[in-house]
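Architecture at a glance
Below are the chains, spelled out letter by letter.
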Amino acid sequence: MILIQITIDGPAGAGKSTIAKMIAKRLGFIHIDTGAIYRVITYIAMQQNVCLDNEDALVQLIASTKIDMEQQAEGEQKVFCNNIDVSKEIRDPIISKNVSRVAVLPKVRQELVRMQRELAQDKNVVMDGRDAGTVILPHAECKIFLTASLEERAYRRYLELKQRGYNDELEFVKKDLARRDYIDENRKTSPLKPAQDAVIVDTTCLGPEEVVQEILRIYQEKKETLNNVL
Ligand code: DC
């Protein structure tokens, strides 16, 4: 069987995790949410009062932290930190607000990229993040860059937060997304950008199922090309 790896990168709120989860379920692939890993490190650092700008302390913390991901039958993914389920805690707005401080640090990225590559090694995976197609899996067979207008992404994130009981103003959510986009796109180490061979999918006017169908079409095309080459 040929190995096919799918990467889905893009800005916050473009729907990467939702779509990656759906695609992984349809294809029977493993879903690796790389953002969740940055979130776990931010969470554990805050729990242990480790300064979020102290690169060396964070690298030490990574070495002593066990991160596991477990796919549930319904497609949901549970994230464990040192054997404790932190799936809910890592989505708290306080983590969203602080995680880019951690994700900007080169040594932290180096350690986490190593961990992410190990998780994907010799497996059919759908990996979502910011640098999955450019840095983590540069040889992935199918690369997608998922995007949507800032307004649409902010509205989606606003609805999601509301559903989870947070009543942040839409304008505040939009400003926070724009701030995170700026940090992700302008950091020195592996900034957010489409890989040269990525297909850009704009989801502003598309529902999740339409996005999934479009990505599955791109995947089939890549797979046929690969089959013809082998
Ligand atoms: O996708 P997310 O919102 O859960 O990502 C959390 C943070 O981690 C976000 O600030 C971007 C960063 N991130 C990153 O720098 N590289 C990745 N591969 C994934 C996420």
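Each remark here, short or long, concerns the structure printed above.
Residues numbered from 1 in each chain as written. Predicted model: local features only at pLDDT ≥ 70, side-chain atom pairs only at ≥ 80, totals over all residues. Heavy atoms only, no water.

1. Brief notes about the overall build of the protein
Looking only at helices and strands, the protein has 9 helices and 8 strands in total. Taken along its principal axes, the extent of the C-alpha atoms in the protein is 55 × 40 × 35 Å. By the burial criterion, 45% of the 230 residues in the protein qualify as buried. Roughly 11800 Å² of accessible area belongs to the protein as shown, and the carbon and sulfur atoms make up 52% of that amount. Of the charged side chains in the protein, 33 are positive and 35 negative; the average position of the first set lies 2 Å away from that of the second. (Helix = DSSP H or I, 4+ residues; strand = E, 2+ residues; numbered from the N terminus. Buried < 20%, exposed > 50% of the residue type's maximum accessible area, 1.4 Å probe, protein only. Areas by Shrake-Rupley, 256 points an atom, 1.4 Å probe, with all protein chains shown as cover. Lys, Arg positive; Asp, Glu negative; His and termini not counted. Charge placed at Lys NZ, Arg CZ, Asp CG, Glu CD.)

2. A word on helix α7 (residues 150-163)
Taking 1.5 Å of rise per residue, the 14 residues of α7 would be expected to cover 20 Å, and the 20 Å separating its terminal C-alpha atoms lies within 8% of that figure. Every buried residue belonging to α7 is among R153, A154, R157, Y158 and L161, and all of these are buried. The buried residues of α7 occupy an angular sector of 135 degrees when projected down its axis, which confines them to one face. Summarising the contacts, the buried residues of α7 are in contact with α4 (93-103) and α8 (170-186). (Expected span 1.5 Å × (residues − 1). Arc of directions from axis to C-beta. Contact = heavy atoms within 4.5 Å.)

3. Notes on the packing of helix α2 (residues 34-47) against α4
Across the interface, α2 lies against α4 with an axial gap of 9 Å and an inter-helix angle of 100 degrees. In this view, α2 runs roughly perpendicular relative to α4, as classed from their interaxial angle. For the pair α2 and α4, the contacting residues are Y38, R39, I41, T42, Y43 and M46 in the first and I94, I95, S96, N98, V99, V102 and A103 in the second. In the contact of α2 with α4, the residues fall into 9 nonpolar, 3 polar and 1 charged. (Axes fitted to C-alpha atoms, helices over the stretch in contact; angles between N-to-C directions. Parallel < 35°, antiparallel > 145°, perpendicular 65-115°, else oblique. Nonpolar A, V, L, I, M, F, W, Y, C, P; charged D, E, K, R; others polar.)

4. Things to note about the site of the ligand
In the vicinity of the ligand, 15 residues are found, and the nearest of them are R39, R109, R130, D131 and R180. Here an oxygen atom of the ligand and a side-chain polar atom of R130 are 2.9 Å apart. R187 places a side-chain nitrogen or oxygen 3.0 Å from an oxygen atom of the ligand. In the complex, the protein chains occlude 97% of the 450 Å² of accessible area that the ligand would expose alone. Elements that contribute at least two residues to the shell around the ligand include exactly α2, α4 and α8. Per-element accounting of the shell around the ligand gives the leading share, 4 residues, to α2. When its residues are assigned to classes, the shell around the ligand shows 3 nonpolar, 4 polar and 8 charged. (Near = heavy atom within 4 Å. Polar contact = N/O pair within 3.5 Å; in protein donor to acceptor, adjacent residues only side chain to side chain.)

5. A look at the packing of α4 against α8
Contact geometry for α4 and α8: axes closest at 10 Å, N-to-C directions at 20 degrees. With respect to α8, the element α4 is oriented roughly parallel. Note on packing geometry: the crossing formed by α4 with α8 is left-handed. On the side of α4, the interface is formed by S96, K97 and S100, while α8 contributes R179, R180, I183 and D184. Considering only residue class, the contact of α4 with α8 consists of 1 nonpolar, 2 polar and 4 charged. (Left-handed = near helix turned anticlockwise from the far one by under 90°.)

6. Side note on the nonpolar core
Membership of the largest hydrophobic core comes to 26 residues, with the highest contact counts inside it found for V40, I41, L58, V86, I90, V108 and L112. Mapped onto this core, the elements with two or more residues apiece are α2, α3 (55-63), β4 (77-81), α4 and α5 (106-120). Tallying contributions element by element places α2 first for this core, with 8 residues. The contacts of L112, once residues within four sequence positions are left out, are I37, Y38, I41 and I62. Core analysis: the next-biggest nonpolar cluster, separate from the first, contains 20 residues, I4, L146, V212 and Y219 among them. (Core = buried A, V, L, I, M, F, W, Y, C linked by side-chain atoms within 4.5 Å.)

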